[in-house]
Amino acid sequence: MKKIPPLDLTRQYQVISEEASKTVIEILHSGRYIGGKAVTNFEQEFANYIGVDKCVGCNSGTDALYLALRALNIGQGDEVITTPFTFMATAEVITRVGATPVFVDIEADTFNFDLEKVDAAITPQTKAIIPVHLFGQPVDMQRLMEIAEAHNLYVIEDCAQATGAEWNGHKVGSIGHIGCFSFYPTKNLGACGDGGALTTNDEAIASQVTMLREHGLKARYLHELTGINSRLDAIQAAILSIKLRYLDSWNLQRQQAATYYHQLLQPIAEIKLPQALPGGTSVWNQYTIQIKDDQIDEEPRRDRVKQKLAQMGVIAMIYYPLPLHLQPVYQDLAYQLGQLPVTEKAAREVLSLPMFPGILQEEQEQVVYTLKDCL
Ligand SMILES: *Cc1c(COP(=O)(O)O)cnc(C)c1O
């Protein structure tokens, strides 16, 4: 029996290997490894793709989020509303600038934060909201911007898992004040190493971020701010420029694979399928089902299913087993178990099935037949 990995990046690389090798060798010969044309070209191409005026490259999605908060002067005494059902980086940067993350519960269907609860969590200390387009599924950005505008708040989109996703025909990362992207290899647009970028239509924010990513440098050796070192390498930028040309076709392959999973899984009553809001176009960074489970005092049923699947060669993943409000690092925020019940239920039930461009229909069929055996 063939083993099915959660994702297989070698299939993507096969498509670009000739172009990529040629470009990387050229850069190696050029002696220009940081900055330069490869980086400015990619920044321009990515701005065009997302549909914004400005793109600033940096070293990671985490740095992009950190730089965004710094550029908006968010810090000590400020609150930033976000979701507890995300990767740690989203909240970590809020803490790192000295502000307080405020976690609100998610919607059962989309795994994204519930906008009614976002609205209710706003206080005089709130400065910004960070929506996360989790698993590639966009947040209702129209409604969120209405809420933010009514309270004069910034919106920083965490687009790490959603490069190319759209809300009502607008790409995520072009709707909030700032979009933050990760080019970690497993993301929809992944580099061959670390990388990230910010997108914005605000010239002042873009120039602030450009300074902050390079030690607060205004002009040569004139430092106006305390910044960091967070640059996008020339080799990564060149690879990203090549991959960007394939992104839409790769996202389409993910969408087709999602449709096929839907079709195969629909008849299984013990499984809840991922839902989409009308208006949103997901790019399926993950295809995440829920293994329905009411025995909340026991080990999650999902854990047993995952183990059995692995024994039979299908590697499924859990994003995320422990929500951020219950992480040891956030004990001082004093959230209680049971306080964000929809998130906690999702953390118990979610299971992400193998999903990547180039996954074969027979592989998806094997995943689903094996899953049926494991329930
Ligand atoms: C991957 C990810 C990040 C961080 O990106 P890095 O490039 O790994 O620093 C932030 N937020 C979310 C939701 C992510 O999935």
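Since the structure is predicted, the reported quantities are computational estimates derived from the model, not experimental observations. (Residues numbered from 1 in each chain as written. Predicted model: local features only at pLDDT ≥ 70, side-chain atom pairs only at ≥ 80, totals over all residues. Heavy atoms only, no water.)

## Some points on the pairing of strand 9 (residues 196-200)
The element strand 9 is extensively covered by neighbouring structure, given that 5 of its 5 residues are classed as buried. Here strand 9 shows two buried faces, one formed by Gly196, Leu198 and Thr200 and the other by Ala197 and Thr199. Across 5 bridges, strand 1 (residues 54-58) lies against strand 9 in antiparallel orientation. Its bridge partner lying in strand 9, valine 56 is registered against leucine 198. Alignment of strand 8 (residues 178-182) against strand 9, held across 4 bridges, turns out to be antiparallel. (Buried < 20%, exposed > 50% of the residue type's maximum accessible area, 1.4 Å probe, protein only. Helix = DSSP H or I, 4+ residues; strand = E, 2+ residues; numbered from the N terminus. Pairing = 2+ DSSP bridges.)

## Considering the sheet that holds strand 14 (residues 287-291)
Taken together, the 3 strands give an open sheet; going across it, the order is 12-14-15, and neighbouring strands pair in antiparallel fashion. With one partner strand each, in any of the chains shown, strand 12 (271-272) and strand 15 (350-353) form the two edges of the open sheet. Sheet analysis places strand 14 next to strand 15, joined by 4 bridges and oriented antiparallel. Counted as the bridge partner of tyrosine 287 is leucine 353 from strand 15. Taken strand by strand, helix 8 (residues 234-265) contacts strand 12, strand 14 and strand 15, and its axis lies near 20° from that of strand 14. Packed onto the sheet, helix 10 (residues 341-349) meets strand 14 and strand 15 and runs at close to 50° relative to strand 15. (Contact = heavy atoms within 4.5 Å. Axes fitted to C-alpha atoms, helices over the stretch in contact; angles between N-to-C directions.)

## Topic: the domain arrangement of the chain
Buried accessible area, meaning the area lost when the parts come together, often serves as the stated size of an interface. In terms of domain boundaries, the chain breaks down into domain 1 (10-244) and domain 2 (247-374). For domain 1 and domain 2, the distance between their C-alpha centroids amounts to 25 Å. Taken together, the contact between domain 1 and domain 2 spans 46 residues of the former and 42 residues of the latter. Between aspartate 109 and lysine 272 there is a salt bridge; the shortest N-O distance is 3.0 Å. At the level of elements, helix 1 (9-30), helix 4 (89-96), strand 3 (100-103), strand 6 (166-167) and helix 8 are the ones that each hand at least two residues to the side of domain 1 that touches domain 2. Its residues assigned to classes, the side of domain 1 that touches domain 2 comprises 23 nonpolar, 14 polar and 9 charged. (Domains from an automatic or database assignment. Salt bridge = Lys/Arg side-chain N within 4 Å of Asp/Glu carboxyl O. Nonpolar A, V, L, I, M, F, W, Y, C, P; charged D, E, K, R; others polar.)

## Comments concerning the side chain of aspartate 78
Along the polypeptide, aspartate 78 turns up in the loop between helix 3 (61-71) and strand 2 (79-82). Since its relative accessible area comes to 8%, aspartate 78 is described here as buried. Separated by 2.9 Å, the side chain of aspartate 78 and the backbone nitrogen of glycine 75 make a polar contact. Setting aside anything within four residues of it in sequence, one finds aspartate 78 in contact with Asn73, Ala99, Thr100, Gln125 and Lys127. (Polar contact = N/O pair within 3.5 Å; in protein donor to acceptor, adjacent residues only side chain to side chain.)

## Thoughts on the site of the ligand
Gly61, Thr62, Asp158, Ser182 and Lys187 are the nearest of the 13 residues found near the ligand. Contacts to the ligand include aspartate 158, whose side-chain N or O atom sits 2.8 Å from a nitrogen atom. In the model, an oxygen atom of the ligand is placed 2.6 Å from a nitrogen or oxygen of the serine 182 side chain. When the free accessible area of the ligand is taken as 380 Å², the share hidden by the protein chains comes to 92%. For the shell around the ligand, the secondary structure elements donating two or more residues are helix 3 and helix 4. Considering only residue class, the shell around the ligand consists of 4 nonpolar, 7 polar and 2 charged. (Near = heavy atom within 4 Å. Areas by Shrake-Rupley, 256 points an atom, 1.4 Å probe, with all protein chains shown as cover.)

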